[in-house]
Structure formats: C-alpha cells, structure tokens
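Examining the three-dimensional arrangement
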Amino acid sequence: MHVQGMDSLAQIDQAVSVCTDCPLSRSRSRAVPGEGPEKAEVMFIGEAPGFNEDKQGRPFVGAAGHFLEELLASVGFRREDVYITNTVKCRPLNNRDPLPVEMAACRKYLDRQIELISPKVIVTLGRHSLVAFLPRETISKARGRPRSVNGVTIFPMFHPAAALHQQNLRQVIQEDIKKLPPLLKELSLPQEKAGGEQLSMF
Ligand code: URA
Ligand code: SF4
C-alpha cells in the first residue's frame, strides 16, 4: 500500500511523531518510529516501545536492547548495520501487550518501512511480531526457521527481553542468531543457483 507523503524513512518518522491514529498516542511521551540505514539487509521487529524507549524516542535502548546488541555483536553486526523497529510505535502503558486494533492502526508505518528498506531478512522478535507476519504460528515452533512470506524471508526468534532472564531461552536465542549470517549468504546467491533449493541449509 502506498501511503501518501511517506516517501522516505525521514517522512515516516515525521508522520509517526505526530500520529494520533490510536489511543496509544495519548499516553506516550515520544513515539518510537525505528532507526537504522535505509539500505539495511536485516530488519529486527520487536513488540512495542517500553519505558526507556518512550522517554528517548529510540527503539531497544533498555536492558532488552543491550542484550540485542550483544546478540548482534556475536555474529559480527553492529546495531547501526540493521534497521530496528516495533509492531507499534508508541508505548502501551505498563508494558501491556499491544491490542490488535493498535497493531492494525500502526501497520501502515511498518509496511511502508519494509517497502522502502526492502530487507533480505525480517527478524521477528517474540510472539506479537511473529503473528504480524505468520498469524497461525506459535513462537516455540516457528523460532529459528526462516521462511518466505510474500517474497520476504521471515526469521522468527524469541524476544530478547524474555530470553534475557530465562537461561533455556537465552541459549536458544544465542544459537538462533548464529543462523543469520549463513541465511543472508544463501539469500545472496544468484537466483539460478539458489533456485528451488532456497533455504536448503535450514
Ligand atoms: N522491547 C520491544 O519489543 N521493543 C523495544 O523497543 C524495547 C523493548
Ligand atoms: Fe499512531 Fe502507531 Fe502511535 Fe498508534 S501506536 S498513535 S497508530 S504511531
């Protein structure tokens, strides 16, 4: 869908910063559009801004963000190499789950970000981000297995906030992120070579 006036990431940021299209606008301090290069090959999509994100207007700047940066570093990425955003751009009070109606109202921004960035891989973080792309999946089954949805490769992972304090999930997310570099490499192969065997190594 083409949304009028959102022809660059900067214009999306601007639209998000003044958006009042759902009730989350009333309790936010700052909207959190997302950040990263327009040419990013990988997009990470979390759930929603939390306390620190709402204060700073930047995604993943609290404890979960610190762990995400650690995970990125373990596979040779810096935060600045990837695009990071959320399914909703404003914080739900008390960090409650975003409501379907809020996710629906905010979806136009996420869709336009994906269109403009055209990433090779979208990493969904947690259940809410997963079901935004694969509504019938459960996180425990879907995690760690990339698949193509409308021409984009979706790679579901646990949410770093959940994995941070649960040793078993932490190990899983640390293993799952290691699949990202080989996945990107495989997706970079010329089409003829990859052909029907795309994602063969998974
Ligand atoms: N958790 C999220 O899902 N997103 C953030 O930006 C921060 C924490
Ligand atoms: Fe607008 Fe999204 Fe914020 Fe709701 S969450 S007010 S739709 S930017």
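The present account deals with the structure reproduced in this document.

The rules we used
- Residues numbered from 1 in each chain as written.
- Chains lettered and ligands numbered in written order.
- Predicted model: local features only at pLDDT ≥ 70, side-chain atom pairs only at ≥ 80, totals over all residues.
- Heavy atoms only, no water.
- Axes fitted to C-alpha atoms, helices over the stretch in contact; angles between N-to-C directions.
- Helix = DSSP H or I, 4+ residues; strand = E, 2+ residues; numbered from the N terminus.
- Parallel < 35°, antiparallel > 145°, perpendicular 65-115°, else oblique.
- Left-handed = near helix turned anticlockwise from the far one by under 90°.
- Contact = heavy atoms within 4.5 Å.
- Near = heavy atom within 4 Å.
- Nonpolar A, V, L, I, M, F, W, Y, C, P; charged D, E, K, R; others polar.
- Pairing = 2+ DSSP bridges.
- Polar contact = N/O pair within 3.5 Å; in protein donor to acceptor, adjacent residues only side chain to side chain.
- Areas by Shrake-Rupley, 256 points an atom, 1.4 Å probe, with all protein chains shown as cover.
- 1 Å grid on protein atoms, 1.4 Å probe; cavity = no way out; pocket = protein on both sides within 12 Å on 5 of 7 lines; lining within 4 Å.
- Sits in = over half its atoms within 2 Å of the grid points.

Observations concerning the packing of helix α4 (residues 63-74) against helix α9 (residues 167-177)
Between α4 and α9, whose axes approach to 9 Å, the crossing angle comes to 40°. Considered as vectors, α4 and α9 are oriented oblique to each other. Note on packing geometry: the crossing formed by α4 with α9 is right-handed. The residues of α9 that touch α4, namely those facing Phe67, Glu70, Leu71 and Ser74, are Arg170, Ile173, Gln174 and Ile177.

A few points about the site of ligand 2
Around ligand 2, a shell composed of Cys19, Asp21, Cys22, Leu24, Ser25, Arg28, Lys89, Cys90, Ala105, Cys106 and Tyr109 is seen. Broken down by secondary-structure element, the contributors of at least two residues to the shell around ligand 2 are α2 (24-27) and α5 (100-117). With three residues, the single largest contributor to the shell around ligand 2 is α5. Across the shell around ligand 2, the residue classes break down as seven nonpolar, one polar and three charged.

Focus: the sheet that holds strand β5 (residues 152-157)
Within the open sheet, the five strands sit side by side as β2-β1-β3-β5-β4. Their pairing is mixed. Sheet topology places β2 (83-86) and β4 (147-149) at the edges, where each strand pairs with a single neighbour. Averaged over all adjacent pairs, the angle separating strand axes in this sheet is 30°, with direction ignored. Two strands pair when backbone bridges link them, and β4 and β5 are joined in this way by three bridges, in the antiparallel orientation. Paired with arginine 147 across the bridge in β5 is isoleucine 154.

A short note on the site of ligand 1
Taken together, Gly46, Glu47, Ala48, Glu53, Pro59, Phe60, Asn86 and His159 are the residues near ligand 1. Within the side chain of asparagine 86, an N or O atom sits 2.8 Å from a nitrogen atom of ligand 1. Within the side chain of histidine 159, an N or O atom sits 2.7 Å from an oxygen atom of ligand 1. Protein contact buries 91% of the 230 Å² of open area that ligand 1 shows by itself. With respect to the pocket detection grid, ligand 1 is positioned in the largest pocket. Of the residues assigned to the shell around ligand 1, the class counts are three nonpolar, three polar and two charged.

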